[in-house]
Amino acid sequence: MHANVEVLVVDDTDHDAALTLDSLRSAAPDVTVLRLTSGEQALHFLCATDGFRGRTGGLPKLVLLDLHMPGMDGIAVLQ
C-alpha cells in the first residue's frame, strides 16, 4: 500500500475493530486508518456532512464495513 491511502473501518464492536486496526497498522504502517462506530457516521463521513462537513481528502481507498450494527446497519449504508 502507498502513503496517504485512507482506509475506513466502520464497526460498532471495540474488540473486532481493535483486531482489524492492529492488523492494518502492522501490515501497512504508512496507511491512514480511520475508525467509525456506526452506519450513520460512515454516511456523514463519505458525504462530508454533519460533523464531517468541510472534510477534505476525497473518498477512502478501502472501506471495511460491519454489516450487523444497531441503527443503520452496513446493508443500509451500501444501499
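**What to know about the nonpolar core**
For step 1, the next point in the chain: Counting residues in hydrophobic clusters, the biggest one holds seven residues: Val7, Val9, Leu21, Leu24, Ala28, Val31 and Val33.
For step 2, the next point in the chain: Contact partners of Leu21, with chain neighbours within four places excluded, come to Val9, Val33 and Arg35.
For step 3, the next point in the chain: By size, the runner-up hydrophobic cluster in this structure holds six residues, among which are Leu8, Val10, Leu36 and Phe45.

**Section: the confidence of the model for the chain**
For step 1, the next point in the chain: Mean pLDDT over the chain stands at 90; residues scoring 70 or higher make up 94%.
For step 2, the next point in the chain: Averaged over each element, pLDDT in the chain is lowest for strand S2 (residues 32-36) (93) and highest for strand S3 (residues 62-65) (96).

**Observations concerning the side chain of Ser38**
For step 1, the next point in the chain: Structurally, Ser38 can be placed in the loop between S2 and helix H2 (39-47).
For step 2, the next point in the chain: Residue classification places Ser38 among the buried positions, given a relative accessible area of 16%.
For step 3, the next point in the chain: At 3.0 Å, the side chain of Ser38 forms a polar contact with the backbone nitrogen of Gln41.
For step 4, the next point in the chain: Once you skip the residues sitting within four places of it in the chain, Ser38 turns out to touch Val10 and Met69.

What counts and how
Each chain has its residues counted from 1, following the order in which its sequence is written. Per-residue local features are limited, in this predicted model, to residues with pLDDT of at least 70; the limit for side-chain atom pairs, both in listing and counting, is 80 or more; totals at the level of whole chains, interfaces and linings are taken over all residues. Note that water and hydrogens are dropped before the side-chain values are worked out from all heavy atoms of the structure. Here the nonpolar core consists of buried residues drawn from Ala, Val, Leu, Ile, Met, Phe, Trp, Tyr and Cys, with membership extended through side-chain atoms lying within 4.5 Å. Burial here depends on accessible area, computed with a 1.4 Å probe over protein chains only, as a share of the maximum for the residue type. Under 20% is buried, over 50% is exposed, and the range in between is partly exposed. Only heavy atoms enter the contact rule, under which two residues are in contact if any of them lie within 4.5 Å. A residue's pLDDT is the confidence the predictor assigns to it, expressed on a 0 to 100 scale. A run of DSSP states H or I qualifies as a helix once it reaches four residues; a run of E qualifies as a strand once it reaches two. Both are numbered from the N-terminal end. Polar contact criterion, stated in full: a pair of N or O atoms within 3.5 Å, where within protein one must be able to donate a hydrogen and the other to accept it, and residues adjacent in sequence count only if both atoms are side-chain atoms.

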